[in-house]
Amino acid sequence: MKIAKLAVDGRLSEKYNGIVSFMIYAAMGKAIDCNEDYCAARFLTVDADIEHDKGVIAFYEKNGFIPNAELYNKKRTTISMRKDIYR
């Protein structure tokens, strides 16, 4: 299940601390619900925006994601990452 990009406006990041982790948890629940009803999803995928936030890889890794692509391709502005929803 593709999440694409998640972000919180920098002006609101303190007020909504933890909201992105909650959105990941909610997407995981939705993927599991879909599996029970009508489709098969094994992974959540995101496009980690390394152009605007150099720490985003560490954030997603903390939330159980691993990179799908080479990390050091200098022309990339995003890194595709995945989370196995059953681990």
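Scroll up for the structure.
How each quantity is defined
- Residues numbered from 1 in each chain as written.
- Predicted model: local features only at pLDDT ≥ 70, side-chain atom pairs only at ≥ 80, totals over all residues.
- Heavy atoms only, no water.
- Helix = DSSP H or I, 4+ residues; strand = E, 2+ residues; numbered from the N terminus.
- Buried < 20%, exposed > 50% of the residue type's maximum accessible area, 1.4 Å probe, protein only.
- Polar contact = N/O pair within 3.5 Å; in protein donor to acceptor, adjacent residues only side chain to side chain.
- Contact = heavy atoms within 4.5 Å.
- 1 Å grid on protein atoms, 1.4 Å probe; cavity = no way out; pocket = protein on both sides within 12 Å on 5 of 7 lines; lining within 4 Å.
- Points joined across faces, edges and corners; volume = space filled by probe spheres on them.
- Nonpolar A, V, L, I, M, F, W, Y, C, P; charged D, E, K, R; others polar.

Here we take up the side chain of Asp49. With respect to the element layout, Asp49 can be found in strand β2 (residues 43-49). For Asp49, a relative accessible area of 18% puts it in the buried group. Among the polar contacts made by the side chain of Asp49, one reaches the side chain of His52 at a distance of 2.8 Å. Aside from chain neighbours lying at most four places away, what touches Asp49 is Lys5, Val56, Thr77 and Thr78.

Attention now goes to the layout of surface pockets. Of the pockets and cavities examined, the largest pocket occupies roughly 390 Å³. Lining the largest pocket are 19 residues, and of these Leu6, Ala7, Val8, Val20 and Asp53 sit closest to its centre. Listed by contribution, the elements that provide at least two residues to the lining of the largest pocket are α1 (19-37), β2 and α2 (56-62). Among the residues making up the lining of the largest pocket, the classes are represented as ten nonpolar, five polar and four charged.

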